[in-house]
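The chain contents come next:
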Amino acid sequence: MPATPPSPHSYPPRTSVWFAFVSFGAVIAAQTHAILTSPAEGDMGHLQKIMYVHVPAAWMTFLAFFVVLVFSARYLWKRNENDDLLAASAAEVGALFNGLTLMLGMIWGRPAWGVWWVWDARLTSTLVLFLIFVGYLALRAFVDDAEQKARWSAAVGAIGAINVPIVYMSVTWWRTLHQPPSSPATLDPAYTMGLRLNAIALLLVMIHFIRKRYEIARVERAAEHVAEAAAMGGR
Amino acid sequence: MAWRDDWRRVRAIARKDLTTELRAKVGFNSVVALGVTILILLGLALGPDAQALRNAAVGAVWLATLFSGVLAFNRSFQVEIETGALEQLLQYPGPRWTIFAGKLLGNLLFVTLMVAIVVAAGIVLFGVRIPAGWPALLGVLALGIVGLVLLGTFYASMASRSRAREVLLPLLLFPMLVPVLLAATTASKALLGADLMHEAGAWIRLLAVYDVVFFIATFIAFEHVIEA
Amino acid sequence: MIESNQTFIIAAYAVTWGAMLAYLVYLLRRGRRARAEYERMAPGDRNTA
């Protein structure tokens, strides 16, 4: 069953610019608030402040994965091309936040643990998830037919997302069986408010990124359809 | 009655795959040879201390299995792609899942035989001491192989038809197999070492859940993936 | 210890903003290119909200 192509009149409207400003402004505000109001801690000093960017980035990663899952499933169900484009957009943005989470984890880990990397449960499972995102994007890059690309990435995206909790669980078990958790997973309640504010702000940024990326995907796909129609009609 | 027809289709596809492989025994032999070669290289890279090797044995066997398994999975779709038989197969009446099931059966047998040989080589090369409770180890191996073959066959059905199959299949497959790798190696190590903390049970349950979840998921997804 | 941690804190926020701004710029440029391409292929045939 062929997927429904968008009609020329479903050319998407521009993602609003003011939302971009609002979301970035919110992040600036949330970060400033958190940095200024959070207390120093023992001999780690202000290192915990990195958590205000690292933890929200991690949460956004999981959220993006969830979006990929939902719209992949929806595409397989309704075969609407736009669902595939939205899933792919969420995957690209998710990969960005995933990479950011890893970098921030390492930047925090170097002074905290003395090394750039430990096979800590969360860093390791985040790394595996990053590879799942990369695999999804690579599949899209190596498949040319639009409909096949959509079907295959939807299947891969859905199955990859199902694996996310399993990977997370198994890496956590793997670590905790032989060593007590070394990462200070639970933050002091004093930090919670700042964390939530930063998470909401980053969510706004992610929403903007995904919407903009989706808009671009639809424009590019619309151009492809025009090219196809021209090629067929010109015969 | 429809069940019996479906099952016949499954067996036919599996038999076709296996006889093609057995006649071209070169295929099976070279995949096994690769697995053993990887084991040898791992032994050289991680040894020569006997205790270090014994500790590394489980991981080495699983890695050798994964890397040579990838070849087996891509090959299982190779013949159809080269001869264009996949389109013909799709035109025959009958549910699609039988194609997947047939491929799965063929790959299960292939990989099980391969693993048997690689494990034997691993026991010898890495000086593994077999404990009294070794049947449990077979159980872990079996569950791990099922997970490997399920996902390997599924991803190969796509990767083998894409532009970069050699890199795409491992890239897609390996991150998905992390739970299998962790569960199989941790449980095996525990069982080899008398499992004082009774860890193996939890990991075996994880493997079983994993296999069930992806058995269902891949069969459902295959319907969408196999259209030419 | 506290003083040297400052480098890492600054690095963390620099990396975060670097990534966010870089992606923003990537989206702007790619968006501009995509719309120009579409315009080239189907001049005038679109509804912009």
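Residues numbered from 1 in each chain as written. Chains lettered and ligands numbered in written order. Predicted model: local features only at pLDDT ≥ 70, side-chain atom pairs only at ≥ 80, totals over all residues. Heavy atoms only, no water.

**Student:** Tell me about the overall build of chain A, residues and numbers included.
**Tutor:** Of the regular secondary structure elements, chain A holds 6 helices and 0 strands. Taken from N to C terminus, the helices and strands of chain A fall in the order α-α-α-α-α-α. For chain A, with 235 residues in total, the buried portion stands at 53%. Relative to all contacts within chain A whose residues are 6 or more apart in sequence, the contacts with residues 24 or more apart total 82%. In the form shown here, chain A has an accessible surface area of approximately 10,200 Å², with 69% of it arising from carbon and sulfur atoms. (Helix = DSSP H or I, 4+ residues; strand = E, 2+ residues; numbered from the N terminus. Buried < 20%, exposed > 50% of the residue type's maximum accessible area, 1.4 Å probe, protein only. Contact = heavy atoms within 4.5 Å. Areas by Shrake-Rupley, 256 points an atom, 1.4 Å probe, with all protein chains shown as cover.)

**Student:** How would you summarise the overall build of chain B if you had to cite specific residues and measurements?
**Tutor:** When helices and strands are tallied, chain B shows 9 helices and 0 strands. Each helix (α) and strand (β) of chain B, taken in turn from the N terminus, gives the series α-α-α-α-α-α-α-α-α. Taken over C-alpha atoms, the radius of gyration comes to 18 Å for chain B, in line with the 17 Å a tight globule of 228 residues would show. Dimensions along the principal axes, computed over C-alpha positions, put chain B at roughly 55 × 35 × 30 Å. Considering chain B as a whole, with its 228 residues, one finds that 51% of them fall into the buried category. A sequence separation of at least 24 residues applies to 83% of the contacts in chain B between residues at least 6 apart. When the 18 basic and 14 acidic side-chain charges of chain B are each reduced to a single mean position, those positions are 5 Å apart. (Rg over C-alpha atoms; globule rule 2.2 N^0.38 Å. Lys, Arg positive; Asp, Glu negative; His and termini not counted. Charge placed at Lys NZ, Arg CZ, Asp CG, Glu CD.)

**Student:** Residue-level account of helix α5 (residues 146–176) of chain A, with values.
**Tutor:** Here α5(A) spans 44 Å end to end across 31 residues, near enough to the 45 Å set by a 1.5 Å rise per residue. Of all bends in α5(A), the biggest is about 30 degrees, found at A:Val164, and the proline A:Pro165 comes one to four residues later. (Expected span 1.5 Å × (residues − 1). Bend = angle between axes of the 7 residues up to and from the residue.)

**Student:** Pulling in residues and values, what's your account of the nonpolar core?
**Tutor:** Within soluble globular proteins, side chains that are nonpolar tend to cluster in buried spots. Counting residues in hydrophobic clusters, the biggest one holds 149 residues, and the most contacted among them are A:Ile159, A:Phe209, B:Leu151, B:Phe154 and B:Tyr155. Residue contributions to this core peak at 14 residues, all from helix α6 (residues 189–233) of chain A. Filtering out sequence-adjacent residues up to four positions away, B:Tyr155 remains in contact with A:Val156, A:Ile159, B:Leu169, B:Leu172, B:Leu173 and B:Met176. (Core = buried A, V, L, I, M, F, W, Y, C linked by side-chain atoms within 4.5 Å.)

**Student:** Run through unusual backbone geometry, naming residues and quoting values.
**Tutor:** A cis amide bond links B:Gly47 to the next residue, B:Pro48, at an omega of 5 degrees. Its place among the elements puts B:Pro48 in the loop between α2 (25–46) and α3 (50–83). The phi angle at A:Arg79 is positive, at roughly 55 degrees, despite the residue not being glycine. Looking at where A:Arg79 falls in the secondary structure, it is placed in the loop between α2 (51–78) and α3 (81–113).

**Student:** For the packing of α2(A) against helix α4 (residues 121–142) of chain A, give the residues involved together with the corresponding values.
**Tutor:** Residue and element names in this part refer to chain A. Contact pair α2 / α4: the axes reach a minimum separation of 12 Å and the direction vectors enclose 40 degrees. The angle between α2 and α4 falls in the class oblique. As α2 packs across α4, the resulting crossing turns out to be left-handed. Two secondary-structure elements touch here, α2 through Thr61, Phe62, Phe65 and Val68 and α4 through Leu129, Ile132, Phe133 and Tyr136. A class-by-class count of the residues in the contact of α2 with α4 yields 7 nonpolar, 1 polar and no charged. (Axes fitted to C-alpha atoms, helices over the stretch in contact; angles between N-to-C directions. Parallel < 35°, antiparallel > 145°, perpendicular 65-115°, else oblique. Left-handed = near helix turned anticlockwise from the far one by under 90°. Nonpolar A, V, L, I, M, F, W, Y, C, P; charged D, E, K, R; others polar.)

**Student:** Residue-level account of the packing of aromatic side chains, with values.
**Tutor:** Taken as a whole and judged by the stated rule, the model has 22 aromatic pairs over all chains. Ring geometry for B:Phe154 and B:Tyr155: centres 5.3 Å apart, planes at 70 degrees, overall edge-to-face. Of the two residues examined, B:Phe154 and B:Tyr155, each falls in the buried class. A network of ring pairs unites the aromatic residues A:Phe24, A:Phe97, A:Phe209, C:Trp17, C:Tyr23 and C:Tyr26 as a single cluster. The positively charged end of A:Lys78 is found above the aromatic ring belonging to A:Trp77, 4.5 Å away from the centroid. For the cation-ring pair, B:Lys103 lies above B:Phe77, with the distance from its terminal atom to the ring centre recorded as 5.1 Å. (Phe/Tyr/Trp six-rings, centres within 6.5 Å; stacked < 30°, edge-to-face > 60°. Lys NZ or Arg CZ within 6 Å of the ring centre and 35° of its normal.)

**Student:** Mind laying out the interface of chain C and chain A, listing which residues take part and the relevant values?
**Tutor:** Contact with chain C, which involves 29 residues of that partner, is made by 45 residues of chain A. When the two sides are added together, the surface that chain C and chain A hide from each other amounts to roughly 3,500 Å², 72% of it contributed by carbon and sulfur. When the shortest N-O distance is used, the salt bridge between C:Arg30 and A:Glu220 registers 2.9 Å. In this assembly, chain C and chain A are joined by 6 residue pairs in polar contact (both at pLDDT 80 or more). (Buried area = accessible area lost by both parts, 1.4 Å probe. Salt bridge = Lys/Arg side-chain N within 4 Å of Asp/Glu carboxyl O. Polar contact = N/O pair within 3.5 Å; in protein donor to acceptor, adjacent residues only side chain to side chain.)

**Student:** Please give an account of the pattern of salt bridges that cites residues and values.
**Tutor:** All names here are of chain A. Applying the stated criterion across every chain, the model contains 13 salt bridges over all chains. Here Arg213 ties to Glu92 by a salt bridge, and the two come within 2.8 Å at their closest N and O atoms. Of this pair, Arg213 sits in helix α6 while Glu92 sits in helix α3, and the two are 121 residues apart along the sequence. Like Arg213, the residue Glu92 is buried in the burial classification. As a salt-bridge pair, Arg221 and Glu224 come within 3.4 Å of each other at their nearest N and O atoms. Taken together, the residues span about one helical turn, with Arg221 and Glu224 both in helix α6 at a distance of 3 residues.

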